[in-house]
Amino acid sequence: MTDVTGAPADVLHTLFQSDQGGHEQVVLCQDRASGLKAVIALHSTALGPALGGTRFYPYASEQEAVADALNLARGMSYKNALAGLDHGGGKAVIIGDPEQIKSEELLLAYGRFVASLGGRYVTACDVGTYVADMDVVARECRWTTGRSPENGGAGDSSVLTAFGVFQGMRASAQHLWGDPTLRGRKVGVSGVGKVGHHLVDHLREDGAEVVITDVRAESVRRILDRHPSGVTAVADTGTLIRTEGLDIYAPCALGGALNDETVPVLTARIVCGAANNQLAHPGVEKDLADRGILYAPDYVVNAGGVIQVADELHGFDFDRCKAKATKIFDTTLAIFARAKQDGIPPAAAADRIAEQRMAEARRG
C-alpha cells in the first residue's frame, strides 16, 4: 500500500508516527546517468551535525533500503551521544550491488548530494564502502571522513573499533566477576574480519582463550597462523554459541545475532561484540536478562570507529582517539550501574542515558 506520494505507507508511518521514527529529514537521491539511487536519513542534529557511514548494499526493495536507513540513522544518534561526541545521528544507503554498479561517476554524484545538505550530514565508510571510496566522495564533498592518510584522513577505523569492544569486555568482566582482566576466560568471536581479527589480538595479549568462526575459511586460517596457540576454530556460529565453558560471546559479523533461536542456547554469561544491531527485535534484551546473560549494548562498545572518524574532522590524532575510546570502559560500567538502579536491561539503560543527553542539548 502506498500513500498519495507513492511512498510505502508503512515507511511514512515509521518516519512520522512510530516510536522508531522522529527523524528530522530524509533525502531520496537519484542520478540516472551513473545509476545512483540513495537514501540519506538524518535522525537528529541536537548534538551537532549528523555523523554516520554510507552503506552500499543490494537491497531487495527501495522500501527495505529506506527502512534500513531510518533504523541505522537512529542508532547513530544514540551511539554518538554515548560516545560523548558533538554529533547527531545520520546514515546513508546506496541501493545496488557494489561489485556490479560502484563507479567513480556514481560516488561523485553521491558526494554532490551529501554536499547539498550543507554540513548537516557528515558521511564515512560502512558496509560496501571503503577508504578509497571516501577519497572519491570527498572530491565533491568536504563533509566526508574516513579518508586515506594520503588524503588527510585517518584510514581504517577497525583498529579503534576493536579496541573499544575490548574495553567493553573488560568492563563487563569487572561488573560480573569483579576483575577487568580476560585472563583465563574463554571468549568466542564470530566473524574475524576487519574488526574481529584485531579483537582476537587484544584477547590473546590479555591471556584469554579464544574460539573463532567465520564464513570465510581464509579469515580463520589467518588467525590460526597468527596465533598458533590459545586459539581454536569451530565450524559455524551455531557451534560457537553452544561451546561448553564459554564465558563471553562476541558477535562481530552481521546484525540480528541475538534472536529467538540463539538466545536460548547461549552458554556464555556475557555478550559483547562489534556487530551492529545485534538484537533481532525488541524484547530480546529482556530474554537475555531473564537468562542471566549480561549484554553490553553494541552501539556503546563498538563506538571506537565513529570516535576516529569524528576526530578526523579536526585533524586526526591517534593517541587522542585511543584515549577517548578507552573511556568506553567507564561508559559501559555506568550503563550497567544505571540498569541495576532502574531495574531494566542494559540496552534500555543505554537508551535512557543517550536520550537524556540529546534532550538536554535541545533544551540548551
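These figures come from a predicted structure and were not determined experimentally. Per chain, residues are indexed from 1 in the order of the written sequence. In view of the model being predicted, local features appear only for residues whose pLDDT reaches at least 70, and side-chain atom pairs are presented and counted only at 80 or more, with totals across whole chains, interfaces and linings using the full set of residues. Values shown for side chains rest on all heavy atoms present in the structure; no hydrogens or waters enter the calculation.

Draft legend 1. The state of the cysteines, seen in detail. When two cysteine sulfur atoms are found within 2.5 Å, that pair is recorded as a disulfide. Following the criterion strictly, the structure yields 0 disulfides and no others. Free cysteine: Cys252, not disulfide-bonded; nearest cysteine sulfur from Cys272 at 8.5 Å. What makes Cys252 buried here is its relative accessible area of 14%. Only protein chains enter the accessibility calculation, which uses a 1.4 Å probe. A residue is then buried if its area is under 20% of the maximum for its type, exposed if over 50%, and partly exposed in between.

Draft legend 2. Main features of the sheet that holds strand 6 (residues 186-190). Being paired, for any two strands, means DSSP has found at least two bridges between them. Labels follow the DSSP assignment, with helices taken as runs of H or I lasting at least four residues and strands as runs of E lasting at least two, numbered in each case from the N terminus. The strand order across the open sheet built from 6 strands is 8-7-6-9-10-11, with neighbouring strands paired in parallel fashion. Strands with a single pairing partner mark the edges of an open sheet, and in this sheet they are strand 8 (231-233) and strand 11 (294-295). In this sheet, strand 7 (residues 209-213) lies alongside strand 6 in parallel orientation, the contact comprising 5 bridges. Bridged to Val187 within strand 7 is Val210. Strands strand 6, strand 7, strand 8 and strand 9 (248-251) of the sheet are contacted by helix 7 (residues 196-205), whose axis makes an angle of about 170 degrees with strand 6. In what follows, residue pairs with any heavy atoms lying within 4.5 Å of each other are defined as contacts. In this description, a line fitted to the C-alpha atoms serves as the axis of each element, helices being fitted only across the stretch in contact, and the angle between N-to-C directions of two axes falls anywhere from 0 to 180 degrees.

Draft legend 3. Up close: the pairing of strand 7. Buried residues dominate strand 7, accounting for 4 of its 5 residues. With respect to chirality, the unit in which strand 6 leads through helix 7 into the neighbouring parallel strand 7 is right-handed. Inspection of the sheet shows strand 7 paired to strand 8 by 3 bridges, in the parallel sense. Each bridged residue has a counterpart across the sheet, and for Val211 the counterpart in strand 8 is Thr232. Note on handedness: a clockwise path from strand one over the helix to strand two, with the strands aimed away from the viewer, defines a right-handed crossover.

Draft legend 4. Representation of the pattern of salt bridges within the structure. What makes a salt bridge here is a side-chain nitrogen of Lys or Arg within 4 Å of a carboxyl oxygen of Asp or Glu, nothing more. Per the stated rule, a full pass over the model turns up 19 salt bridges. Of the charged contacts in the structure, one is a salt bridge between Asp126 and Lys91, with a shortest N-O distance of 2.9 Å. A residue pair is termed long-range when its members are at least 10 positions apart, and Asp126 in the loop between strand 5 (121-125) and helix 5 (131-137) and Lys91 in strand 4 (residues 88-95) qualify at 35 residues. Looking at Asp126, the relative accessible area reads 15%, which means it is buried. Here Asp201 ties to Arg226 by a salt bridge, and the two come within 2.9 Å at their closest N and O atoms. Of this pair, Asp201 sits in helix 7 while Arg226 sits in helix 8 (residues 217-226), placing them 25 residues apart in sequence. Look at Asp201 and you get buried, because its relative accessible area is 17%. Assessed through its relative accessible area of 53%, Arg226 is described here as exposed. Members of the salt-bridge network, linked through shared partners, are Arg55, Asp68, Lys91 and Asp126.

Draft legend 5. Main features of the sheet that holds strand 5. Ordered in space as 1-2-4-3-5, the 5 strands form an open sheet in which the pairing is mixed. Both outer strands of the open sheet, strand 1 (25-31) and strand 5, are each paired with one neighbouring strand and no more. The mean angle between the axes of side-by-side strands here comes to 20 degrees, regardless of whether they run parallel or antiparallel. Across 5 bridges, the pairing between strand 3 (residues 50-57) and strand 5 is parallel.

Draft legend 6. Spotlight on helix 6 (residues 158-177). In a helix, the anticipated span is given by 1.5 Å times the number of residues less one. For helix 6, spanning 20 residues, the distance from its first C-alpha to its last is 28 Å, which sits close to the expected 28 Å at 1.5 Å a residue. Most of helix 6 sits out of view: 14 of its 20 residues are buried.

Draft legend 7. Examining the side chain of Thr262 more closely. Summarising the element assignment, Thr262 is placed in the loop between strand 9 and strand 10 (270-271). Residue Thr262 is classed as buried on the basis of its relative accessible area, which comes to 17%. Identification of polar contacts relies on pairs of N or O atoms within 3.5 Å, with a donor-acceptor requirement for protein atoms, meaning one able to donate a hydrogen and the other able to accept it, and with residues adjacent in sequence counted only if both atoms are side-chain atoms. Of the polar contacts made by the side chain of Thr262, one reaches the backbone oxygen of Ala257; its length is 2.8 Å. Look past the residues within four positions of Thr262 in its chain and what remains in contact with it is Ile241 and Ala257.

Draft legend 8. Molecular detail of unusual backbone geometry. Phi angles above zero are rare outside glycine, and Asn277 is one such case at about 55 degrees. Take Asn277: it is sitting in the loop between strand 10 and helix 10 (284-290).

Draft legend 9. Geometry of the pairing of strand 1. Bridge count for strand 1 against strand 2 (residues 36-44) is 7 bridges, and the pairing is antiparallel. If you follow Leu28 over to strand 2, its bridge partner there is Val39. Hairpin connection, strand 1 to strand 2: the antiparallel pair is bridged by 4 residues, and Gly35 has positive phi, about 90 degrees.

Draft legend 10. Structural view of the nonpolar core. Grouped together as the largest cluster of nonpolar side chains are 29 residues, with contacts concentrated most on Met169, Leu182, Val189, Leu199, Val200, Leu203 and Ile212. Secondary-structure elements contributing two or more residues to this core are helix 6, strand 6, helix 7, strand 7, helix 8 and strand 9. In terms of nonpolar packing, the next biggest core, distinct from the first, is built from 22 residues, Cys29, Leu108, Val114 and Cys141 among them. In this description, a nonpolar core means a group of buried Ala, Val, Leu, Ile, Met, Phe, Trp, Tyr and Cys residues linked to one another through side-chain atoms lying within 4.5 Å.

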